[in-house]
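A closer look at the structure
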Amino acid sequence: MKEEKNSKQKKGLVISSIRDKTLTVLIERTVTHPIYKKIIRKSSKLQVHDETNQSNKGDTVLVEECRPFSKTKSWKLVSIISKG
């Protein structure tokens, strides 16, 4: 198999780990409003594949974009940055 060289990686906070092999990760970013120039915090929730169920709620994790595992899951867990 070919490895993708430009894989996207993001850092986020685990907000749910109830489901088997699936995490919900909150990704926060800041953007500047185009007209008013105010800094706004935006967030998005990602469904992440965790094969070994090693992460729990409150952990900071690094996730990577990959092939779709299901209808909503197209990210996988790379590493746990800090335990919550």
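Now for a quick tour of the structure. (Residues numbered from 1 in each chain as written. Predicted model: local features only at pLDDT ≥ 70, side-chain atom pairs only at ≥ 80, totals over all residues. Heavy atoms only, no water.)

A look at the overall build of the chain
To keep things clear, this is the line we draw: Here a helix means four or more residues in a row that DSSP labels H or I, a strand means two or more in a row labelled E, and each is numbered from the N terminus. Any two residues whose heavy atoms approach within 4.5 Å are treated as being in contact. Method for areas: the Shrake-Rupley scheme with a 1.4 Å probe, in which residue coverage is limited to the protein chains shown.
In terms of regular secondary structure, the chain is built from zero helices and five strands. When the helices and strands of the chain are read in sequence order from the N terminus, they spell out β-β-β-β-β. Seen through its C-alpha atoms, the chain measures out along the principal axes to roughly 45 × 35 × 25 Å. Across the chain, every contact between residues at least 6 apart in sequence was considered, and the portion connecting residues at least 24 apart equals 46%. Carbon together with sulfur atoms contributes 50% to the accessible area of the chain, which is approximately 6,500 Å² in total.

A closer look at the sheet that holds strand β3 (residues 39–49)
Operational definition: When DSSP finds at least two bridges between two strands, those strands are taken to pair. A fitted line through C-alpha atoms serves as each axis, taken over the contacting stretch for helices, and the angle formed by two N-to-C directions is quoted from 0 to 180°.
Here five strands make up a closed barrel; going around it, the order is β1-β2-β3-β5-β4 and the pairing mixed. Ignoring strand direction, the axes of neighbouring strands in this sheet form an average angle of 50°. For strand β1 (residues 9–16) and strand β4 (residues 60–65), the ladder comprises five bridges, and the chain directions are antiparallel. Following the sheet pairing, L13 is matched in β4 by T60.

Structural notes on the environment of P68
To keep things clear, this is the line we draw: Burial status follows relative accessibility: with a 1.4 Å probe on protein chains alone, a residue under 20% of its type maximum counts as buried, one over 50% as exposed, and anything between as partly exposed.
Mapped onto the secondary structure, P68 falls in the loop between β4 and β5 (73–82). Take P68: its relative accessible area is 58%, and that puts it in the exposed class.

Points about the nonpolar core
The tendency in soluble globular proteins is for nonpolar side chains to be buried side by side. To be explicit about the condition: To qualify as a nonpolar core, a set must consist of buried Ala, Val, Leu, Ile, Met, Phe, Trp, Tyr and Cys residues joined through side-chain atoms within 4.5 Å.
Ranked by size, the top nonpolar core spans ten residues in total: V14, L23, V25, I27, L46, V48, V61, V63, W75 and L77. At the level of elements, β2 (22–32), β3, β4 and β5 are the ones that each hand at least two residues to this core. Aside from chain neighbours lying at most four places away, what touches L46 is L23, T24, V25, I27, V63 and W75.

Overview of unusual backbone geometry
At K21, a residue that is not glycine, the phi angle is positive and equals roughly 65°. For K21, the position within the fold is in the loop between β1 and β2.

Quick notes on the pairing of β1
Pairing analysis gives three bridges linking β1 to β2, with the strands arranged antiparallel. Among the inter-strand pairings, L13 is bridged to a residue of β2, identified as L26. In this structure, the hairpin formed by β1 and β2 is closed by a connection of five residues, where K21 is found at a positive phi of approximately 65°.

Quick word on the side chain of T22
Within the fold, T22 resides in strand β2. Setting aside chain neighbours within four positions, we find T22 in contact with S16, S17, Q47, V48 and K73.

Focus: the side chain of E64
Take E64: it is sitting in strand β4. You can call E64 buried: its relative accessible area is 17%. Filtering out sequence-adjacent residues up to four positions away, E64 remains in contact with S7, K8, Q9, S74, W75, K76 and V78.

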